[in-house]
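What the coordinates show
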Amino acid sequence: MDRRDFIKTCGTVAVASMLDASIFSNLLASQQDGMLKTYKKALLVKEDGSPIKEGDIKPHNNYIFFYPFVSTPCYLLNLDQEIKPVEIKLKDGLGYLWPGGVGSKKSIVAYSAICAHQWSYPTKDYSFINYYPPDKPSETTKKAGIIQCCAHLGLYDPKEGAKVLDGPPEVPLASIVLQEENGQFYAVGVLGEDQFDQFFDNYKADLRQQYGSTAKAKELVEKCIVMEVDKYVKSVIRC
Ligand code: FES
């Protein structure tokens, strides 16, 4: 996809005014290979509906929200250190520039919580894919500060654009592009291989049951309610 098609497809012109200019120009200037998809700009809010502030995002807590669709889960993390941009290289010479963290310390990142291997994802009942904070390493891999999927031990590095550290996934988790504006946080797009088509195909029956129809599961969000994973998921499965 050339840049003109990309702009047309993703509505990038309209979104340019919403994104921080430097982030936006970096994203576009870096040969995104069609990996940046913009969606509705959605405010991140607390469960009481008020905008989430930086101080509400506790370091190394695993938070969940849904974006860009009402059914597609994402993880929000404050990694408590500056997270720098990283160039992500994919197969066949494709790649993209992951813009790093946001917030005053540039420590806040967000990723799709749909595993890039076989689409394990956090449900209300259980989650095999989780963040392991520095003080709670995985019992199996002994690694910490990672996102690990216990389905087949896929490991991702949230400090490096969710690059694959180990296991069967071949591509990073897709990242959620965050924008900070006057102390409030917005999700504005998805960067990377997003897995949404496979997710909707694979979990069609479950999603119909939960949301009433596939169309409802694919509704775009306008606000993202951010919750602690342990409150949303009954059984957080760590391995
Ligand atoms: S589904 Fe996550 S590693 Fe296989």
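Check the entry above for the structure.
Below is a summary of the structure that appears in this document. Each chain carries its own residue numbering, running from 1 in the direction its sequence is written. The predicted origin of the model limits local features to residues at a pLDDT of at least 70 and limits the giving and counting of side-chain atom pairs to 80 or more, whereas totals for whole chains, interfaces and linings rest on all residues. Water and hydrogen atoms play no part in the side-chain values, which are based on all heavy atoms of the structure.

Concerning the pattern of salt bridges
Selection rule: Salt bridges are counted wherever a side-chain nitrogen of Lys or Arg sits within 4 Å of a carboxyl oxygen of Asp or Glu. Helix and strand labels come from DSSP, where a helix needs a run of H or I of at least four residues and a strand needs a run of E of at least two; each type is numbered from the N terminus. Relative accessibility thresholds used throughout: buried, under 20% of the residue-type maximum; exposed, over 50%; partly exposed, between the two (1.4 Å probe, protein chains only).
A full pass over the atoms with the stated rule returns ten salt bridges. Residue Glu170 pairs with Lys91 through a salt bridge whose shortest N-O separation is 2.9 Å. Of this pair, Glu170 sits in the loop between strand S11 (163-166) and strand S12 (175-181) while Lys91 sits in the loop between strand S4 (86-89) and strand S5 (95-98), and the two are 79 residues apart along the sequence. Owing to a relative accessible area of 55%, Lys91 belongs among the exposed residues under this scheme. Where Asp157 meets Lys159, a salt bridge forms, and the shortest distance between an N and an O atom there is 3.8 Å. Using a relative accessible area of 30% as the deciding quantity, one classes Lys159 as partly exposed.

Some words on the sheet that holds strand S9 (residues 146-149)
Counted only if it meets this: Two strands pair if DSSP finds at least two bridges between them. Axes here refer to lines fitted to C-alpha atoms; in helices the fit is confined to the stretch in contact. Angles between the N-to-C directions go from 0 to 180 degrees.
Across the sheet, four strands lie side by side as S8-S9-S10-S11; this open sheet has antiparallel pairing. Each having just a single partner strand, strand S8 (129-132) and S11 make up the two edges of the open sheet. Here the strands of the sheet are splayed against their neighbours by 30 degrees on average, with no regard to which way each runs. In this structure, S9 lies alongside strand S10 (residues 154-157), joined through three bridges in antiparallel fashion. Paired with Ile147 across the bridge in S10 is Tyr156.

Some points on unusual backbone geometry
Across the junction of Tyr67 and Pro68, the peptide omega takes the value -5 degrees, indicating a cis bond. Note that Pro68 resides in the loop between strand S2 (63-66) and strand S3 (73-78). Even without being glycine, Asp80 reaches a positive phi, approximately 60 degrees. Looking at the secondary structure, you find Asp80 in the loop between S3 and S4. Owing to a relative accessible area of 37%, Asp80 belongs among the partly exposed residues under this scheme. Phi at Lys106 is positive, roughly 55 degrees, even though this residue is not glycine. When its relative accessible area of 42% is taken as the criterion, Lys106 is described as partly exposed.

A word on the layout of surface pockets
Unoccupied space between atoms shows up once a probe the size of one water molecule is rolled over them. What counts here: Using a 1 Å grid laid over the protein atoms alone, points where a 1.4 Å probe fits but cannot get out form a cavity; open sets with protein on both sides within 12 Å along at least 5 of 7 lines form a pocket; any residue with an atom within 4 Å of a point counts as lining. Grid points are joined across faces, edges and corners, and a volume is the space filled by probe spheres set on the points. Throughout this entry, Asp, Glu, Lys and Arg are counted as charged residues, while Ala, Val, Leu, Ile, Met, Phe, Trp, Tyr, Cys and Pro are counted as nonpolar. The remaining residues, Gly among them, count as polar.
In this model, the second largest pocket occupies a volume close to 320 Å³. Forming the walls of the second largest pocket are 17 residues, and the residues nearest its centre are Tyr121, Thr123, Lys124, Tyr126 and Asp206. Considering each element in turn, the lining of the second largest pocket owes the most residues, four residues, to helix H5 (residues 204-211). Broken down by class, the residue content of the lining of the second largest pocket amounts to nine nonpolar, five polar and three charged.

Looking at the side chain of Gln148
Inclusion rule: Here a polar contact is taken to be a pair of N or O atoms separated by no more than 3.5 Å, where protein atoms must pair a possible hydrogen donor with a possible acceptor and residues adjacent in sequence count only if both atoms sit in side chains.
Looking at the secondary structure, you find Gln148 in strand S9. Looking at Gln148, its side chain comes within polar contact range of the side chain of Ser138, at 3.0 Å.

Brief notes about the state of the cysteines
Linking two cysteines covalently through their sulfur atoms gives a disulfide. What counts is decided by this rule: To count as a disulfide, a pair of cysteine sulfur atoms needs to be within 2.5 Å.
Inspection of the entire model under this criterion finds one disulfide. Put simply, Cys150 and Cys239 are joined by a disulfide, and their sulfur atoms are 2.1 Å apart. Taking the torsion about the sulfur-sulfur bond, which here is approximately -95 degrees, the covalent link between Cys150 and Cys239 counts as left-handed. Within this pair, whereas Cys150 is found in the loop between S9 and S10, its partner Cys239 is found in the segment after strand S16 (235-236), the two being separated by 89 residues in sequence. Residue classification places Cys150 among the buried positions, given a relative accessible area of 15%. On the basis of relative accessibility, which here comes to 18%, the residue Cys239 falls in the buried class. We note that Cys74 lacks a disulfide partner, and the nearest cysteine sulfur, in Cys224, lies 7.2 Å from it. On the accessibility criterion, Cys74 (0% relative accessible area) is buried.

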